[in-house]
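Residues per chain, in single letters:
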Amino acid sequence: MISFPEVTNFIKMIKNLPYLCFIFLIYSCSNPKTNVDLILTGGNVFDGSGTTPIQKTVVVRNDSIVDLINTWEEKYTCKKVIDVSGYTVSPGFIDPHTHAFDDLSSKGKNANLNFLMQGVTTVVTGNDGGGPVKIAEVFEKWETQGIGINAGLLVGHGTVRRLAMGMRDKKPNEEELETMKAFVKSAMEEGALGLSSGLYYAPGSYAETAEVIALAKVAAEYQGIYDTHLRDESSYNIGLEAAVKEAVIIATKAAIPLHISHIKCLGADVWGKSKQIISFIDSCRNTGLNITANQYPYRASGTNVISALFPRWSQAGGPDVFLDRLQDAPTRSKIYAAITENIRKRGGTTSLLITRYEDHIIVGLNLQQVAINWQLSPEDAALKIAENGNARLASFNMQATDIKNFMQKKWVVSGSDGSTGHPRKYGTFPRKLQKYVLEEKILSLEEFIHRSSALTAEIFGISNRGQIKKGYKADLIVFKPENFKEKADFQQPEQYAEGIHLLVLNGKIVIENGIYTGELAGAIIRNQQLKKID
C-alpha cells in the first residue's frame, strides 16, 4: 500500500518535471558530443617525441588529430571505432631521401605501395642533385592525378647546372651562375624544401665549392635546407673526410642547415673512419652548426656501373661524348685502368651485384660471374655494360661497425635512398626495426620511431607531421613490432614488407588489416617559408 508521503513526493516530481527537463536540455546543449571520423582505442601510443609510450585513445576528425584522451564516449560520437589493443600506434614514418619522383609522376605507380607497406606516409624526393626546377608544374600534376603518399621536393643542383651550361666540365661564367641562382630562387618560391646536390655525380662533380655556396645562399633566403650526396664517400677524388668538411664549409658560408644523405664509409680505403667523421661532426654541432644525416641499414649501396666504376672526366660532355671516348684506344686504356682501381676500392668483383640490365641473364650475378659468363676480364665486362645502356648495381662496400656507429648518433635519421633493384626501396624501415632494434638492440623502439618520424619532420621544416599530437595531421600507423618485417632481398628486391595492420594518411584509412584500400590520400608538402627573408 502506497503511503501518503510517497504520493506527495510523486506529485512534486510531476510538477517539477518541466523544470527537470529544462535543466537536462540546458546541460545537453552545453555539453554536446562531437562527431568525429575515426577513433583508435587501446593501443600503445608512441607519439614520436622519443618518450615512453602511453595508453591513449587517438581521435581523428577530417585530416587531423583532434584529441588524445583516456575515455572518449562522453565527449565524442564516431561510426569508425577500432580497437588496437596489443598494437603499437606510431606517427607515420618520414623518408628524407628517396627516388620516388618517377613513381609519383606515373599513374600506374603513384600509390607508392612500396613505401606505404613500410609504414612511410611522407617522402622527400629530388635528392642527389636531381630535383626538378619547375616545382609548381610537378605539384599541379601530382594533385591532378593523385598521389598515394605525402611528398615534398628538393630542387637539384645537378639539374640547374645542366640546364644552364649542359654537361661541360668548367666553371660557370657570371651569366650562367646568375641563371642557376634564378632557377633555385624560382623553385624555392614554388615550394621546394631546399637545395640538393650530388657532387659525386656528373655534372655536379664539375662544380667548385664556391658555385654550390652561391646556390645554397639562395635556398637559405627561404629557410631551405642543403641536402647533399657528398663529393666523395670513399677515396675517389678528395676523400671522405675532405668531402664532409666541404659540405660543412658550404653550409657555414651559406648559413643553411646541412643534411648529409646516406652517410657511410664506402670502400676498403675508408673502412673504420666513422669515428673520425662522427667526432668532426659532433665538434661542429657543438659550435652551433645545424648538421644532420640520414642512413639506410644495408651494407650495400645502390648505384649503376658507370657511376661506380668509370672516372668522372670520362662522362664530361654527355652520353654521346662518353661513348666516343670508349672507342678511342688510348682513352679507353686510361678508363680501363680507372675501372681496375675503382673495383678495388669497392671491395672487388664479387662485391658488385648486377640488379637490373637489359640482358636479364646476368641480373643476380656479380661482376666476376658476369666476366666468366661473357669470357671477358671484369674491366671489359664493365665496358660492355656501359656501351649497352648501363646497369643497376648493388655494391657491397660497407662494414657493420661503421653502420652501427653512425646509427647510434642522435642526429642520424632513417632514410631509404630507395632505388630500383635494391631491397631498401621496399624494406628499409622494417629491416632497421628488426635487425637493429629487436635483434641487436642498437636503438630502442622509442628512438627508432623518433628518428623515423618527428626528428625528420623537424629537420625538413615540416611543422604539422611526424607526431601524434593534437592539431597535427593524422598520419598514423598501427603494427606489432615483432610482425613488421622486410620481405625483399637482393634476389627478389621488389617484395612488399608485411606487418602494417592499419595506416591512416591525412585522416583516411589507406591500409586496413594489412590490405591497401585503394585510397590516394597523399598531400603536397611545401616549404613553409615561401616569402624571402629580408
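Relevant structure appears above.
Residues numbered from 1 in each chain as written. Predicted model: local features only at pLDDT ≥ 70, side-chain atom pairs only at ≥ 80, totals over all residues. Heavy atoms only, no water.

Asker: Would you take a moment to explain unusual backbone geometry for this structure?
Answerer: Negative phi is the rule for most residues except glycine; trans is the rule for most peptide bonds. Cis geometry marks the peptide bond from A202 to P203, where omega comes out at 5°. One can find P203 in the loop between β14 (194-198) and α7 (209-220). Even without a glycine there, the phi angle at D128 is positive, about 60°. Here D128 lies in the loop between β11 (120-125) and α4 (135-145). Here D128 falls in the buried class, since its relative accessible area comes to 13%. Positive phi outside glycine occurs at N506, with the angle close to 50°. Relative to the helices and strands, N506 resides in the loop between β23 (500-505) and β24 (508-512). Residue N506 is classed as buried on the basis of its relative accessible area, which comes to 11%. (Helix = DSSP H or I, 4+ residues; strand = E, 2+ residues; numbered from the N terminus. Buried < 20%, exposed > 50% of the residue type's maximum accessible area, 1.4 Å probe, protein only.)

Asker: What exactly am I supposed to notice about the packing of aromatic side chains here?
Answerer: Aromatic rings considered in pairs are described by the distance between their centres and by the relative angle of their planes. Applying the stated criterion across every chain, the model contains 13 aromatic pairs. Relative to F429, the ring of F93 lies with its centre 5.4 Å away and its plane at 10°, an arrangement referred to as stacked. Of the two residues, F93 is situated in strand β10 (residues 93-95) and F429 in helix α16 (residues 424-439); the sequence distance between them amounts to 336 residues. Here F93 matches F429 in class, with each residue buried. Their ring planes at 50° and their centres at 6.0 Å tell us that F139 and W142 sit as a pair that is tilted. One end of the pair, F139, and the other, W142, are both in helix α4, three residues apart, so they sit about a helical turn from each other. In terms of burial, F139 and W142 fall into one category: buried. Among the aromatic residues, ring-to-ring pairing joins F93, F429, F448, F479 and F484 into one connected group. Over the aromatic face of F280 sits the side chain of K245, whose NZ or CZ is 5.8 Å from the ring centroid. (Phe/Tyr/Trp six-rings, centres within 6.5 Å; stacked < 30°, edge-to-face > 60°. Lys NZ or Arg CZ within 6 Å of the ring centre and 35° of its normal.)

Asker: What is the right way to look at helix α9 (residues 274-286) in this model?
Answerer: Think of an α-helix as 3.6 residues a turn; residues three or four steps apart then line up on the same face. End to end, α9 covers 18 Å across 13 residues, agreeing with the expected 18 Å (1.5 Å per residue, within 8%). Of all the positions in α9, only S274, I277, I278, I281, D282 and C284 are classed as buried. Down the axis of α9, the smallest arc covering the buried residues is 160°, so these residues share one side. Opposite its buried face, α9 presents the exposed residues K275 and N286, each directed more than 90 degrees away. In this structure, the buried residues of α9 make contact with α8 (240-254), β16 (258-260), β17 (291-295) and α15 (400-407). Of the residues flanking the end of α9, it is G288, one or two places downstream, whose phi is positive at about 105°. (Expected span 1.5 Å × (residues − 1). Arc of directions from axis to C-beta. Contact = heavy atoms within 4.5 Å.)

Asker: Please clarify how the sheet that holds β11 should be interpreted in this entry.
Answerer: Across a sheet, paired strands are connected by hydrogen bonds in the backbone, their directions being either parallel or antiparallel. With parallel pairing, the four strands of this open sheet are ordered in space as β10-β11-β12-β26. The strands lining the two open edges of the sheet, one partner per strand, are β10 and β26 (524-525). Contacts from α4 reach β11, β12 (150-153) and β26, with the element oriented near 170° to β12. (Pairing = 2+ DSSP bridges. Axes fitted to C-alpha atoms, helices over the stretch in contact; angles between N-to-C directions.)

Asker: Hey, could you run me through the side chain of N110 in this one?
Answerer: Its location among the elements puts N110 in the loop between α2 (101-104) and α3 (113-116). Beyond its immediate chain neighbours, meaning those up to four positions away, N110 contacts D103, L104, Q145, G146, I147, G148 and L520.

Asker: Whenever I open this one, the pattern of salt bridges confuses me. Can you help?
Answerer: Where charged atoms from two side chains of opposite charge approach closely, those side chains can pair. A full pass over the atoms with the stated rule returns 23 salt bridges. A salt bridge links D103 to K425; its shortest N-O distance comes to 3.1 Å. Of this pair, D103 sits in helix α2 while K425 sits in helix α16, and the two are 322 residues apart along the sequence. Taken individually, D103 and K425 each receive the classification buried, so the pair is uniform in this respect. A salt bridge links E387 to R332; the shortest N-O distance between them is 2.9 Å. Of the two residues, E387 sits in helix α14 (residues 378-387) while R332 sits in helix α12 (residues 329-345), which places them 55 residues apart along the sequence. (Salt bridge = Lys/Arg side-chain N within 4 Å of Asp/Glu carboxyl O.)

Asker: Help me understand the pairing of β17, please; the structure alone is not making it clear to me.
Answerer: Sheet faces and side chains relate simply in a regular strand, where the side chains alternate between the two faces. The element β17 is largely enclosed, with a buried count of five among its five residues. Side chains I291, A293 and Q295 project from β17 onto one buried face, and the interleaved T292 and N294 project onto a second face that is buried too. Alignment of β16 against β17, held across three bridges, turns out to be parallel. The partner of H259 across the bridge, within β17, is T292. In this view, the connection linking β16 to its parallel neighbour β17 by way of α9 has right-handed handedness. Two elements, β17 and strand β21 (residues 412-414), share three bridges in a ladder whose sense is parallel. Residue A293 lies in a different strand from β21, and its bridge partner there is V412. (Right-handed = clockwise from strand over helix to strand, strands pointing away.)

Asker: Help me out: how do you make sense of the packing of α8 against α9 in this one?
Answerer: In the contact formed by α8 and α9, the axes pass within 10 Å of each other and the chain directions differ by 15°. Taken together, the axes of α8 and α9 lie roughly parallel to each other. Pair α8 / α9 crosses with right-handed handedness. On the side of α8, the interface is formed by L240, E241, V244, K245 and V248, while α9 contributes Q276, I277, F280, I281 and C284. (Parallel < 35°, antiparallel > 145°, perpendicular 65-115°, else oblique. Left-handed = near helix turned anticlockwise from the far one by under 90°.)

Asker: Explain the sheet that holds strand β18 (residues 300-304) here, please?
Answerer: Spatially, β18-β20-β19 is the arrangement adopted by the three strands of the open sheet, whose pairing is antiparallel. The open sheet terminates on both sides in strands that have one partner only, identified here as β18 and β19 (352-356). Here the strands of the sheet are splayed against their neighbours by 30° on average, with no regard to which way each runs. Sheet topology places β19 next to strand β20 (residues 392-396); four bridges connect them, and they run antiparallel. Of the residues in β20, the one forming a bridge with R356 is R392.

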